[in-house]
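So you can see what is in the structure, the chains are spelled out below.
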Amino acid sequence: MKKIILPFIALALPVALNAATGATELEGGFKIGPAIILITILCAFVMVGIIFRAKDTTDFYAAGRSISRTGSGMAIASNWMSAASFLGMAALMYGSGYHGLAYVVGWTGGYVLLLILMAGQIRKYGKYTAADFIGDRFYSQSLRATGAIIAILISISYCVGQFAGIGLMFQWILGINFTWSVIIGGTVVLTYTLISGMLGVTKNMQIQYIIIIVSFLIPLFILTYKFDYFWILPQIGYGSVVSDITYGIAQSDISSLVNSFGHDFAITASPEYSMPWDIATGKTFFQWMAIAFSLMIGTAGLPHVIQRFYVVPKASDARWSVVWGLFFICLLYWSAPVYSAFGKILSANPEVGKLSKDAIVVYTAQLGNVHPLIVGLLAAGGVSAAFSTVSGLLVAGASAFSHDLYVKVINPEASPSRQLRMARLGTVLMAIIVTMIAMLKLALISQLVAVAFSLAGCTIFPLFLLGIWWSGSNREGAIAGLIMGGFVSLLSITYFVAGKMGVVLPFSEFMNYYLGAWYFAWIGAPLAILTNIIVSKLTPETPIEIRKFLIEQVHS
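Predicted model only: the values in this text are computed from it and were never measured.

**Student:** Before we go on, may I ask you to explain the overall build of the protein chain in this structure?
**Tutor:** When helices and strands are tallied, the protein chain shows 22 helices and zero strands. For the protein chain, buried positions account for 58% of its 556 residues. Considering only contacts within the protein chain whose residues lie at least 6 apart along the sequence, 83% involve residues at least 24 apart. A total of about 21,300 Å² of accessible surface is found on the protein chain, and carbon and sulfur atoms cover 69% of it.

Here is the structure:
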């Protein structure tokens, strides 16, 4: 392997360095240096997938339950830090300032909920997938099948945002149109996911985390140092940048602070950027809180997140993997606002033109005149973030299709080899569906992802919360709660899709505000939980063997 790789690096590095100077345009054009970095990283992903390919169903579904605490934490962080985190959070804060912090608070808070309420208990229950838990805990094959279908729908919804991020970065690096960018990027991630299953995907996630965090942090040190802010800890230094945006910078106060086009830093005062719920943003306190709450409980209900707790040997490892995951996640989450603040100042001049919000991380580094190869590495980090999440989602969706629908419901006698074939078929079908939806460009990356969170918060989260912590929750209550959560979800998504298609439904203004597609779980989840409790109280008790298992095995 070394005989192949070392000569390749020796040949590729000079080419990349020579080509770097031509890679500074914001839009369009094939960028040779960044392209070499991207292709090298993608080849590494495929090689890791081949080396750690799944040999049986346990490898494909749960990585052989052999991943260490720290390794699992890195995989959790990598799996979590999707295009929505790497690209989308900065995009939201760039466009709406303080309001975008609701996404940071919500996504981070969700892992605290998982740590306290669910991680250890989920691992003790000892299943492979979310639908597996639902079917067993609520002693219902129909609920198992419904849970599997919901897991697939959530995975598809979440994947759409990631494919959009992959398309943006491939478009920027390769200079091809968005459609072909999505197809090419999706094909690569599909290839190594098909080969590797959860084992290879988890190993890749550990590598992807290192690429993500290194590529994300290096430009921040360069930007804060170059423009004379507190560069030793950019996450603190950016506070001065926010003040400059809020109060404005007069042209007379500028000496040599210019972007890569030679535009100065003059910017008119924008107090709404740092003021909570300023009327100028068009956002309200209710929306901020609804988004944060929906993302918190949605995080605790995502199938691909829950499935990560099954890859470690025991319950204590599951809890510690969440702690490590939170640490690794926060390194990026504390840093994302820096890109939005610098992007705001560096693009203030009207001559820069309108920039795509979802690509503001890369554009900020370019406008800050960061070396093109480092910008290329940053773009490759964005692709890595999307790839790590997509691969986890594809495995989660394929597991739901093969393990929960096909094996547990349709064909219980299926051989292990046939199960693997069905899992891979499910992966391909999901990738095709996601690619087709991603090409529609329905919304910003983070907003597309937020739909998946609210759907998970209304459906899967109530079942896990009550299923783990209240033995009185029974099959009838679970079905009723799921119907209620599903109804709220369907109502909100219907209004969202209708609005995108130009169809005005009755009470659309009211519904779009109080049941926005990004945060409808604020009401859907409590209603689902309340319905579950009421119906459970009015119907036969949970079977004694399940209550006994919860007490003795899950809660020790």
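Now that the structure has been shown, we can carry on.
**Student:** What is the right way to read the nonpolar core from this model?
**Tutor:** What tends to happen in soluble globular proteins is that the nonpolar side chains get buried as a cluster. Among the nonpolar cores identified, the biggest contains 160 residues, and Trp80, Phe86, Trp107, Tyr111, Leu332, Phe387 and Phe464 are the most heavily contacted of them. At 20 residues, the largest contribution of residues to this core is made by helix 8 (residues 141-174). Once you skip the residues sitting within four places of it in the chain, Phe464 turns out to touch Met118, Ile122, Ala130, Phe133, Ile134 and Ile306.

**Student:** Can you help me understand helix 6 (residues 101-125) in this one?
**Tutor:** Each α-helix turn comprises 3.6 residues. Residues three or four places apart therefore point the same way. Under the 1.5 Å per step criterion, the end-to-end length of helix 6 is 35 Å for 25 residues, consistent within 8% with the ideal 36 Å. Leu115 marks the point of greatest bend in helix 6, at about 55 degrees. Looking one or two places after helix 6, you find Gly126, whose phi comes out positive at around 80 degrees.

**Student:** Looking at this model, I keep getting lost on a nonpolar patch on the surface. Mind explaining?
**Tutor:** Together, Phe221, Tyr225, Phe230, Trp231, Ile232, Leu233 and Ile236 make up an exposed nonpolar region whose accessible area comes to about 750 Å². Along the chain, Leu233 falls in the loop between helix 9 (178-226) and helix 10 (234-247).

**Student:** Honestly, the side chain of Arg144 in this entry has me stumped. Any pointers?
**Tutor:** Its place among the elements puts Arg144 in helix 8. Among the residues examined, Arg144 registers a relative accessible area of 8% and is labelled buried. Excluding residues within four positions of it along the chain, Arg144 makes contact with Ala131, Asp132, Gly135, Asp136, Asp404, Lys408 and Val409.

**Student:** What is the right way to read helix 19 (residues 475-500) from this model?
**Tutor:** Taking 1.5 Å as the rise per residue, helix 19 with 26 residues should run 38 Å; its terminal C-alpha atoms sit 37 Å apart, in good agreement. Among all positions of helix 19, only Gly477, Ala478, Ala480, Gly481, Leu482, Gly485, Val488, Ser489, Ser492, Tyr495, Phe496 and Ala498 are buried. In the stretch just after helix 19, Gly502 is the one whose phi turns positive, near 80 degrees.

**Student:** Which parts of the structure should I look at to understand the pattern of salt bridges?
**Tutor:** Any two side chains of opposite charge can pair, on the condition that their charged atoms come close. Under the counting rule described, the total for this entry stands at three salt bridges. Between Asp132 and Arg144 there is a salt bridge, and its shortest N-O distance comes to 2.7 Å. Note that Asp132 is positioned in helix 7 (residues 130-137) and Arg144 in helix 8, a separation of 12 residues in sequence. Residues Asp132 and Arg144 agree in their burial class; the two are buried. For Glu476, the salt bridge goes to Arg475, with nearest N and O atoms at 3.5 Å.

**Student:** Would you mind going over the packing of aromatic side chains with me for this structure?
**Tutor:** The relation between two aromatic rings is expressed through the spacing of the ring centres and the mutual angle of the planes. Summed over all chains, the structure comprises 21 aromatic pairs. With a centroid separation of 5.0 Å and 55 degrees between ring planes, the pair formed by Tyr209 and Phe328 is classed as tilted. On the criterion of sequence distance, the pair formed by Tyr209 in helix 9 and Phe328 in helix 13 (residues 315-333) is long-range, its members being 119 residues apart. A relative accessible area of 3% means that Tyr209 is categorised as buried. When the centroid spacing of 6.3 Å and the interplanar angle of 80 degrees are considered together, the rings of Trp324 and Phe327 count as edge-to-face.

**Student:** Got a minute to help me understand the confidence of the model for the protein chain in this structure?
**Tutor:** In regions of low pLDDT, the predicted coordinates are not meant to be interpreted in detail. Of all residues in the protein chain, 86% attain a pLDDT of 70 or more, and the chain-wide mean is 80. Of all the helices and strands in the protein chain, helix 1 (residues 2-19) carries the lowest mean pLDDT, 39, while helix 21 (residues 521-538) carries the highest, 97. Here residues 1-25 scores under 50 on pLDDT; set against residues more than four positions off or in separate chains, the count is 26 contacts.

**Student:** For this particular structure, what's the right way to read the packing of helix 11 (residues 285-299) against helix 21?
**Tutor:** In a packed pair of helices, the relevant descriptors are the angle between the two axes and the axis-to-axis distance. Close contact between helix 11 and helix 21 brings their axes to 8 Å; oriented N to C, the two are set at 50 degrees. Here helix 11 lies oblique to helix 21, going by the angle between them. The residues of helix 21 that touch helix 11, namely those facing Phe286, Ala290, Phe293, Ser294 and Ile297, are Ala521, Trp522, Ala525 and Pro526. In the contact of helix 11 with helix 21, the residues fall into eight nonpolar, one polar and no charged.

**Student:** Before we go on, may I ask you to explain the environment of Ser142 in this structure?
**Tutor:** Here Ser142 is to be found in helix 8. Ser142 gets classed as partly exposed once you look at its relative accessible area, which sits at 45%. Among the polar contacts made by the side chain of Ser142, one reaches the side chain of Ser140 at a distance of 2.9 Å.

**Student:** Help me understand the environment of Phe464, please; the structure alone is not making it clear to me.
**Tutor:** Here Phe464 lies in helix 18 (residues 445-469). Relative accessible area serves as the criterion here: at 0%, Phe464 is assigned to the buried category. Along the sequence, Phe464 and Leu117 sit 347 residues apart, while their C-alpha atoms lie 9.6 Å from each other.

**Student:** Hey, could you run me through the environment of Ile523 in this one?
**Tutor:** By secondary structure assignment, the location of Ile523 is in helix 21. The spatial distance from the C-alpha of Ile523 to the C-alpha of Phe293 is 9.9 Å, given a sequence separation of 230 residues. With residues up to four places along the chain from it excluded, the contact list for Ile523 reads Val488 and Leu515.

**Student:** When you look at the side chain of Thr427 in this model, what are you seeing that I'm missing?
**Tutor:** Mapped onto the secondary structure, Thr427 falls in helix 17 (residues 416-438). Within polar-contact distance, the side chain of Thr427 engages the backbone oxygen of Ala423 at 2.8 Å.

**Student:** Looking at this structure, how should I read the packing of helix 19 against helix 21?
**Tutor:** Look at helix 19 against helix 21: their axes get within 7 Å of each other, and the N-to-C directions meet at 155 degrees. One element, helix 19, and the other, helix 21, form an angle in the roughly antiparallel class. In terms of crossing hand, the pair formed by helix 19 and helix 21 is right-handed. From helix 19, Glu476, Gly477, Ala478, Ala480, Gly481, Met484, Gly485 and Val488 reach across to helix 21, where they touch Ile523, Gly524, Leu527, Ala528, Thr531, Asn532, Val535 and Ser536.

**Student:** Looking at this structure, I do not really get unusual backbone geometry. What am I missing?
**Tutor:** Backbone geometry follows two general trends: most residues other than glycine have a negative phi, and most peptide bonds adopt the trans configuration. A positive phi angle, close to 40 degrees, is found at Tyr139, a residue other than glycine. Residue placement: Tyr139 occurs in the loop between helix 7 and helix 8. Located in the positive-phi region is Phe507, a residue other than glycine, with phi close to 60 degrees. Note on Phe507: relative accessible area 66%, which makes it exposed.

The rules behind the values
Residues numbered from 1 in each chain as written. Predicted model: local features only at pLDDT ≥ 70, side-chain atom pairs only at ≥ 80, totals over all residues. Heavy atoms only, no water. Helix = DSSP H or I, 4+ residues; strand = E, 2+ residues; numbered from the N terminus. Buried < 20%, exposed > 50% of the residue type's maximum accessible area, 1.4 Å probe, protein only. Contact = heavy atoms within 4.5 Å. Areas by Shrake-Rupley, 256 points an atom, 1.4 Å probe, with all protein chains shown as cover. Core = buried A, V, L, I, M, F, W, Y, C linked by side-chain atoms within 4.5 Å. Expected span 1.5 Å × (residues − 1). Bend = angle between axes of the 7 residues up to and from the residue. Patch = residues over 30% accessible without salt bridge, like charges linked within 9 Å, V, L, I, M, F, W, Y side chains within 5 Å. Salt bridge = Lys/Arg side-chain N within 4 Å of Asp/Glu carboxyl O. Phe/Tyr/Trp six-rings, centres within 6.5 Å; stacked < 30°, edge-to-face > 60°. pLDDT = per-residue confidence, 0-100. Axes fitted to C-alpha atoms, helices over the stretch in contact; angles between N-to-C directions. Parallel < 35°, antiparallel > 145°, perpendicular 65-115°, else oblique. Nonpolar A, V, L, I, M, F, W, Y, C, P; charged D, E, K, R; others polar. Polar contact = N/O pair within 3.5 Å; in protein donor to acceptor, adjacent residues only side chain to side chain. Left-handed = near helix turned anticlockwise from the far one by under 90°.

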